[in-house]
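# Analysis of the macromolecular model
Residues per chain, in single letters:
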Amino acid sequence: MRQCFLAIWGVLDPIYYFCSRLEYVEDKTKSRDIFRVRLTKYKGRDIVLSDGTKITKNDLLLKIHLHNIRLIRELIRLNSEIKKGRLIYEQVKRGLPNLTEYLQRHEQFTNIKGIIGITILNKGCERLGFETFSIINPFYKWYKRMTFVPMYLISQFRLDSFRRPPKYLFMSKDKLLKLYACQSDQ
């Protein structure tokens, strides 16, 4: 049954990719990494990040999406929650220097204030430089939780992981550059 869902998702993912205006982030060898991104105008409440960056309505952000189908294909082989969490952490950590380079080359670089994502897998994200904020709108929070259901069903994360509310992840452009710009040159 899981393989059937995975096959269906594999067919639908390119359609989602096309319709959502996502772009792949690539490494130096032109291999695609775990991130897919697109520009977005922020529509939430005002947020002040720890470095003083203020994110307000209509600020331009780079929205990050994990390439979930690719990630799930790796996760289903693992039987430990710790190994699954470590795999996701390492994939994101490995991709952040490439994301930084992508941002630096972007034609809207000067206008982009930072990066944003939404996840329920936010354990350990602070070590990567992200800051988390709760989603206030109950309908949007419910909607985002439902969009994560297929990933949990297929990857077999523990149910208590799914009970965590989705959260916004933010990182200012300055912090991203400070933490990861020199790593993309290596």
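Preceding block: the structure.
In short, a report on the structure. (Residues numbered from 1 in each chain as written. Predicted model: local features only at pLDDT ≥ 70, side-chain atom pairs only at ≥ 80, totals over all residues. Heavy atoms only, no water.)

All right, on to the packing of helix H3 (residues 81-105) against helix H7 (residues 173-180) then. Contact geometry of H3 with H7 gives a least axis separation of 9 Å together with a crossing angle of 125°. In this view, H3 runs oblique relative to H7, as classed from their interaxial angle. The two elements H3 and H7 cross, and the hand of that crossing is left-handed. On the side of H3, the interface is formed by Leu-96, Pro-97, Thr-100, Leu-103 and Gln-104, while H7 contributes Lys-173, Leu-176, Leu-177 and Tyr-180. Its residues placed into classes, the contact of H3 with H7 shows six nonpolar, two polar and one charged. (Axes fitted to C-alpha atoms, helices over the stretch in contact; angles between N-to-C directions. Helix = DSSP H or I, 4+ residues; strand = E, 2+ residues; numbered from the N terminus. Parallel < 35°, antiparallel > 145°, perpendicular 65-115°, else oblique. Left-handed = near helix turned anticlockwise from the far one by under 90°. Contact = heavy atoms within 4.5 Å. Nonpolar A, V, L, I, M, F, W, Y, C, P; charged D, E, K, R; others polar.)

Only one face of strand E7 (residues 131-134) is covered, namely the one carrying Glu-131 and Phe-133; the face carrying Thr-132 and Ser-134 has none of its residues buried. In the sheet, E7 pairs with strand E8 (residues 167-172) via four bridges, with the strands oriented antiparallel. Within the sheet, the bridge partner assigned to Phe-133 lies in E8 and is Tyr-168. (Buried < 20%, exposed > 50% of the residue type's maximum accessible area, 1.4 Å probe, protein only. Pairing = 2+ DSSP bridges.)

Here the focus is the sheet that holds strand E1 (residues 23-26). Across the sheet, which stays open at both edges, the six strands sit in the order E1-E2-E5-E6-E8-E7 with mixed pairing between neighbours. One side of each edge strand has no neighbouring strand; the edge strands of this open sheet are E1 and E7. Each strand axis lies, on average, 35° off the axis of its neighbour in the sheet, ignoring direction. The sheet contact formed by strand E5 (residues 60-66) and strand E6 (residues 112-119) spans four bridges and is parallel. Note on E6: the bridge partner recorded for Lys-63 is Ile-116. Here H3 sits on the sheet in contact with E1, strand E2 (32-41), E5 and E6, set at roughly 55° to E2. Most of the contacts of H7 go to E8, to which it runs at about 70°, and overall it touches E6, E7 and E8.

So, about the packing of aromatic side chains. All chains considered together, the criterion is met by five aromatic pairs. Between Tyr-168 and Phe-170, the ring centres sit 5.8 Å apart and the planes meet at 45°, which makes this aromatic pair tilted. Neither Tyr-168 nor Phe-170 differs from the other in exposure class; each is buried. In this structure an aromatic cluster arises from ring pairing among Tyr-42, Phe-133, Tyr-168 and Phe-170. (Phe/Tyr/Trp six-rings, centres within 6.5 Å; stacked < 30°, edge-to-face > 60°.)

What follows concerns a nonpolar patch on the surface. Taken together, the side chains of Trp-142, Tyr-143 and Met-146 make up a nonpolar region of the molecular surface, amounting to roughly 350 Å² of accessible area. The topology assignment puts Trp-142 in helix H4 (residues 138-147). (Patch = residues over 30% accessible without salt bridge, like charges linked within 9 Å, V, L, I, M, F, W, Y side chains within 5 Å. Areas by Shrake-Rupley, 256 points an atom, 1.4 Å probe, with all protein chains shown as cover. Salt bridge = Lys/Arg side-chain N within 4 Å of Asp/Glu carboxyl O.)

In short, shape yes, function no, at least from these values alone.
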